[in-house]
Structures are given as structure tokens and as C-alpha cells.
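Report on the structure
If you want the building blocks of each chain, they are given just below.
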Amino acid sequence: MSKPAQPARRETVSPMLAALRAGTREHHLVLERHLNLPGRIRERADLAAVLAALLASWAPVERQLAAADWSGLGLDPRLGEAAGLLRADLATLDADPADAVASADPPGVRFDSPARALGGRYVLLGSALGGSVIAPAVERLLGLPEGTATGFFRRSGRVPGRDWRDFRRAVAARDWSTEELREATEAARDTFTFVGRAAAPILGDRDADPAAA
Ligand code: HEM
């Protein structure tokens, strides 16, 4: 299940979004294989490990993105934040992510320009598209009622479709230089790599090198 080469829906794709999609396709594929969802989920503990692994990157990246400058784009600095949903799902599973999250390295990704911040936000927001596919499969595998411990994947209580639309519109509403397209794509790639790096030890894949795309 990979990001489609062409968008499945009829939509206008701005040059920035096209650059982000093309520039991160391979990184998404590598991360998708690494996370192996829902394939790695056999019992609740597997789901708890995945959620803790995602929280280890989501929490610090969201913190950095909230502190970035979004004034020029007119976007909420906290658009689509989902670390709280990961924590709530973990609590539902009686899992305490404290150690895993505390041991994660800082992202080491720069979000110090509007283009770079946008690249990071693209990765976190875009993940909700895959999450909507993963959630029902996980619920089926574990016999969970809809939305139970899958609030993050479903973005329960949020409106991920609207967030994604707002993001796309804000991105398309201004012109970006070639250098900004490059910056955004680099930050998005680095974000994908960080998500994989933070997840590896928690998922017991210490030797995996998700960055080796
Ligand atoms: C195994 C786990 C994953 C699966 C199966 C998966 C699957 C998908 C699918 C099917 C789409 C396309 C959805 C559509 O166009 O309607 C998608 C898009 C996307 N996913 Fe994932 N995904 C996974 C994990 C992730 C993670 C962890 C991230 C971020 C860290 C992520 C970021 C994105 C982004 C940025 C898009 C592209 C949005 C766009 O440009 O249209 N995905 N994913």
C-alpha cells in the first residue's frame, strides 16, 4: 500500500505539493515497509509498541513545528496535532510510553523557515491518509470496537480531511521559489527519516536502517 504516483482524486496539485510528493515517495515506501502495518500487529502489545514508537517522533516534531513561524501561511501552528491521541490510545491499552519517549533522540530536523516547517507538517498531516486505511484493519485484527485504541489512526474527534484541505490551499496560495521547494522537500525527507529512526529501537529493530532508502 504505497502513496499513489498520481493522486487518486481529482484535485489541483500545486508545484509545492507535487515536489513534496515526488521528493518523499521513496522515503514513505521505506517507512511503510519498516512499520509494516497492520502486518506486525498480532496482539495489543504490538499495537502499543507501534503507538509508542510513533509518539517518540510525533511529540518532539509537533513541539518544534508549533514553535515555527506560520504567520505567512495563515495556518494554525498546531494544525492536525495528534500526539495527544497517541497518548490517549496508549492509556486505553494500559501502556506507559514514558521510557521509550524519553530515550528518543531529538529530531535534528530544521524547521527554521516557512518552507522547512511546511515540509515537516506535510509528513505528519499526510500520515492521516494512510491512518484511515490502517485503523479498520487493526480493529479487525485485534477485535477492537471502532475507534478503540485507534484514535490516532482515525484522528478521532478531529477533521483530518478539512486539515488536509486547509493545508493544501495555504500551500497553493503563494509562490515558492525553487530553493524553497528544495528546502521543504529536504525537511520532509528528514522528518520521514527521523520517524523511522525514533521507531526502530522501540519496535525492536535496532539494526534496521530505515534511512537507507
Ligand atoms: C505502514 C504505515 C502506512 C501506510 C500503510 C500508509 C499508507 C498511505 C496511503 C495509502 C496513502 C495515500 C492515501 C491517499 O492518497 O488517499 C498515504 C499517504 C501519505 N502518507 Fe502514509 N502510510 C503509512 C505510514 C505513514 C507515516 C508513518 C507517515 C508519516 C510519518 C506517512 C505519511 C504520508 C504522507 C505525507 C502521505 C501523502 C499525502 C499526499 O501527498 O497526498 N504515512 N499513506
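This report concerns the structure included in the present document. (Residues numbered from 1 in each chain as written. Predicted model: local features only at pLDDT ≥ 70, side-chain atom pairs only at ≥ 80, totals over all residues. Heavy atoms only, no water.)

1. Quick word on the overall build of the chain
Helix and strand content of the chain: eight helices and zero strands. Expressed as a percentage of the 213 residues in the chain, the buried residues total 49%. Intrachain contacts of the chain at a sequence separation of at least 6 include 82% that bridge at least 24 residues. On the chain, roughly 10500 Å² of surface is accessible, and the fraction owed to carbon and sulfur atoms is 50%. (Helix = DSSP H or I, 4+ residues; strand = E, 2+ residues; numbered from the N terminus. Buried < 20%, exposed > 50% of the residue type's maximum accessible area, 1.4 Å probe, protein only. Contact = heavy atoms within 4.5 Å. Areas by Shrake-Rupley, 256 points an atom, 1.4 Å probe, with all protein chains shown as cover.)

2. Overview of the coordination of the iron atom of the ligand
Among all protein atoms, only His28 (NE2) binds the iron atom of the ligand, sitting 2.1 Å from it. Among the secondary structure elements, His28 is positioned in helix 1 (residues 15–35). (Donors = N, O, S within 2.8 Å, 3.2 Å for Na, K, Ca; no water.)

3. Here we look at helix 3 (residues 83–92)
Residue pairs spaced three or four apart in an α-helix point in one direction, given the helix's 3.6 residues per turn. Ala83, Leu85, Leu86, Asp89 and Leu90 are the residues of helix 3 that are buried. All buried residues of helix 3 lie within an arc of 160° about the axis, which places them on one face of the element. At its buried positions, helix 3 is contacted by helix 2 (44–66) and helix 6 (151–154). The positive-phi residue at the C-terminal boundary of helix 3 is Asp94, with phi of around 55°. (Arc of directions from axis to C-beta.)

4. Observations concerning the nonpolar core
Membership of the largest hydrophobic core comes to 63 residues, with the highest contact counts inside it found for Leu47, Leu54, Leu118, Phe153 and Phe167. Elements supplying a minimum of two residues to this core: helix 1, helix 2, helix 3, helix 5 (114–142), helix 6, helix 7 (160–172) and helix 8 (178–202). Broken down by element, the residue count for this core peaks at 13 residues, all from helix 2. Ignoring anything within four residues of it in the chain, the contact list for Leu54 reads Leu35, Leu86, Phe152, Phe153 and Val195. (Core = buried A, V, L, I, M, F, W, Y, C linked by side-chain atoms within 4.5 Å.)

5. Notes on the pattern of salt bridges
One pass over the structure, following the stated rule, counts eight salt bridges. For Asp112, the salt bridge is made with Arg116, and the minimal N-O distance between the two is 3.6 Å. Residue Glu179 is joined to Arg182 by a salt bridge in which the shortest nitrogen-to-oxygen separation is 2.8 Å. Placement of the pair is Glu179 and Arg182 together in helix 8, with a separation of three residues, close to one helical turn. (Salt bridge = Lys/Arg side-chain N within 4 Å of Asp/Glu carboxyl O.)

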